[in-house]
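A structural walkthrough
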Amino acid sequence: MAVLLTDEQVTATRERIRAVAERHIARQGPAGVSLRAVAAECGLAAASLYRYYASKADLLAATRAAAHDRFSDRIEAAWAGPGDLWDRSRAIGEAFADFAFSEPAAYQLIFAFEQDEADKSDELRRAEARSHRTLTGYVREMVEAGLLEGDPDIIAHAYWAALHGLVVLTMAGRIPDRARFEQLRHGAARLITRGALPAAR
């Protein structure tokens with residue numbers, strides 16, 4: 001006879017499975033992940049895992065959605081912090097880098113992997129839209145305030161591309177340490193900002 005679990009037990013087990021799956025996916029990519037290996041590390045029989053996630057695609061979508069939400073929590077907290085728009089925009093860059101280096105597996109799930117649209121859950125689509133807003137909304141506010149000039153989406157993408165590139169190079173050992181990373185990060189941000197400053201009238 002199957003043991004009935006409380007809602008709290010089900011939630012805790014789902015979160016434990018997601019945490020283990022996150023590490024496996026980051027190491028091996030979605031295609032290389034073994035649900036049997038994930039279940040074994042969680043202390044579950046392989047068949048038991050399907051009580052919590054209906055399929056591999058379902059587990060991948062849930063794991064990626066959780067990573068997106070943790071990322072958005074960090075970025076939104078930085079934007080809600082003290083200081084003027086410039087201070088808060090700098091805080092976003094710091095929060096982005098801190099998340100990447102403190103949660104590298106989650107960072108990989110967000111930015112290194114993709115899924116077929118048909119395999120995405122509503123939860124993942126919502127989480128993706130939220131994290132996109134966190135990386136573009138602050139630039140939109142700065143353009144509206146007259147601090148920057150241009151298409152907010154293009155400016156935000158330029159900031160993201162520069163920062164993401166530096167993160168990936170650092171993770172690959174091509175940038176030697178965090179101090180050099182920070183030097184390059186600030187330099188790249190200054191160059192992009194300088195190009196987006198309102199033209200003198």
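Our structure's up above, just so we're on the same page.
Attention in this report is confined to the structure presented alongside it. Since the model is a prediction, treat every value here as computed from it, not as a measurement.

What counts and what doesn't
Residues numbered from 1 in each chain as written. Predicted model: local features only at pLDDT ≥ 70, side-chain atom pairs only at ≥ 80, totals over all residues. Heavy atoms only, no water. Axes fitted to C-alpha atoms, helices over the stretch in contact; angles between N-to-C directions. Helix = DSSP H or I, 4+ residues; strand = E, 2+ residues; numbered from the N terminus. Parallel < 35°, antiparallel > 145°, perpendicular 65-115°, else oblique. Left-handed = near helix turned anticlockwise from the far one by under 90°. Contact = heavy atoms within 4.5 Å. Core = buried A, V, L, I, M, F, W, Y, C linked by side-chain atoms within 4.5 Å. Buried < 20%, exposed > 50% of the residue type's maximum accessible area, 1.4 Å probe, protein only. Expected span 1.5 Å × (residues − 1). Arc of directions from axis to C-beta. Polar contact = N/O pair within 3.5 Å; in protein donor to acceptor, adjacent residues only side chain to side chain.

What follows concerns the packing of helix α7 (residues 122-144) against helix α8 (residues 152-171). Contact pair α7 / α8: the axes reach a minimum separation of 8 Å and the direction vectors enclose 125 degrees. With respect to each other, α7 and α8 are oriented oblique. Both α7 and α8 take part in a crossing whose hand is right-handed. The segment α7 lies against α8, with L135, T136, Y138, V139, R140 and V143 engaging P152, D153, I155, A156, Y159 and W160.

Here we come to the nonpolar core. Counting residues in each nonpolar core, the largest one holds 48 residues, and the members touching the most others are I17, V38 and F96. Where this core is concerned, the elements lending two or more residues are α1 (7-32), α2 (35-41), α4 (56-79), α5 (85-102), α6 (104-111), α7, α8 and α9 (178-196). Sorting elements by how many residues they give to this core places α4 first, with eight residues. In this structure I17 touches V38, C42, L44, L49, Y52, Y53 and L59, once residues within four positions along its chain are discounted.

Within an α-helix, residues lying three or four positions from one another point in the same direction, as the helix has 3.6 residues per turn. Given a rise of 1.5 Å per residue, 19 residues ought to cover 27 Å, and the 27 Å separating the end C-alpha atoms of α9 matches this to within 8%. Restricting attention to buried positions, one finds in α9 the residues F181, E182, R185, I192, T193 and A196. Seen from one end, α9 has its buried residues packed into an arc of 100 degrees, which puts them on one side. For α9, the exposed residues lying more than 90 degrees away from the buried face are A179, R190, L191, R194 and G195. Residues of α9 that are buried sit in contact with α5 and α8. Where α9 starts, the residue carrying a side-chain oxygen 3.3 Å from the main-chain nitrogen of A179 turns out to be D177.

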